[in-house]
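Results of the structural survey
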Amino acid sequence: MDSNIREATVQDFPQLMEIRMSVKENTLSNPALIPYEDYVKFCFTQGKGWVCELDSIIVGFSIVDLLENNIWALFMHPDFEKKGIGKKLHDTMINWYFEHTKTSVWLGTEPNSRAEYFYRKLGWEEIGLHGKNEIKFEMTHQNWNSLKTQ
């Protein structure tokens, strides 16, 4: 299977919303909590988004919010986890982010989840709690540059 990471387009949003609803962890109790308009805002007004396609099928996506300095989304369809795609999406997103600002970026995720392990493995540092007992992680520009050179 050929993989391709590219910038997200408005035409991709229905598939991104399907992927977001398909995940087994960090699930949404109500799909209306993240409306279509939020995808537009975070991909085009406040930040940027990317998708990964395998044989022209979107299997994952990432979105970073440049105004709030946070990772808004990084999700994979469960059938395509553990194939290195999430890391490629992550690295594309973080490289773009630090090309546009040197401000630290943060994210929140469920404790004891695969996402927690994923971010720790990629060098994110735990800095406290966020929201409803989510772990808050941070990546600094300096740490990202040192991780890229290892």
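Before reading further, recall that the structure is shown in the block above.
Residues numbered from 1 in each chain as written. Predicted model: local features only at pLDDT ≥ 70, side-chain atom pairs only at ≥ 80, totals over all residues. Heavy atoms only, no water.

Comments concerning the state of the cysteines
For the structure shown, the criterion picks out zero disulfides. Here Cys-43 stays unpaired: no disulfide links it, and the sulfur of Cys-52, its closest cysteine neighbor, is 15 Å away. By relative accessible area, which is 1% here, Cys-52 ends up buried. (Disulfide = S-S within 2.5 Å. Buried < 20%, exposed > 50% of the residue type's maximum accessible area, 1.4 Å probe, protein only.)

As for the environment of Arg-6
Summarising the element assignment, Arg-6 is placed in strand E1 (residues 3-7). In sequence terms Arg-6 and Leu-67 are 61 residues apart; their C-alpha atoms lie 21 Å from each other. In contact with Arg-6, other than residues within four places in its own chain, are Asp-12, Gly-49, Trp-50, Val-51, Glu-53 and Ile-58. Polar side-chain contacts of Arg-6 include one of 2.8 Å to the side chain of Asp-12. Among the polar contacts made by the side chain of Arg-6, one reaches the side chain of Glu-53 at a distance of 3.1 Å. (Helix = DSSP H or I, 4+ residues; strand = E, 2+ residues; numbered from the N terminus. Contact = heavy atoms within 4.5 Å. Polar contact = N/O pair within 3.5 Å; in protein donor to acceptor, adjacent residues only side chain to side chain.)

Some thoughts on the side chain of Gln-46
Secondary-structure assignment places Gln-46 in the loop between helix H2 (36-45) and strand E2 (47-54). With relative accessibility at 14%, the residue Gln-46 sits in the buried group. With sequence-adjacent residues up to four places away left out, Gln-46 is seen in contact with Lys-41, Val-64, Asp-65, Leu-66, Leu-67 and Glu-68.

Observations concerning the environment of Pro-35
When you line up the elements, Pro-35 lands in the loop between helix H1 (13-22) and H2. On the basis of relative accessibility, which here comes to 28%, the residue Pro-35 falls in the partly exposed class. For the pair Pro-35 and Lys-136, spaced 101 residues apart in sequence, the C-alpha separation works out to 24 Å.

Overview of the pairing of strand E7 (residues 134-139)
Bridge analysis of strand E5 (residues 105-109) against E7 gives five bridges, and the strand direction is antiparallel. Looking across to E7, one finds that Thr-109 is bridged to Ile-135. Sheet analysis places strand E6 (residues 125-130) next to E7, joined by five bridges and oriented antiparallel. If you follow Leu-129 over to E7, its bridge partner there is Ile-135. Adjacent in sequence and paired antiparallel, E6 and E7 are bridged by three residues, among which Gly-131 carries a positive phi angle near 55°. (Pairing = 2+ DSSP bridges.)

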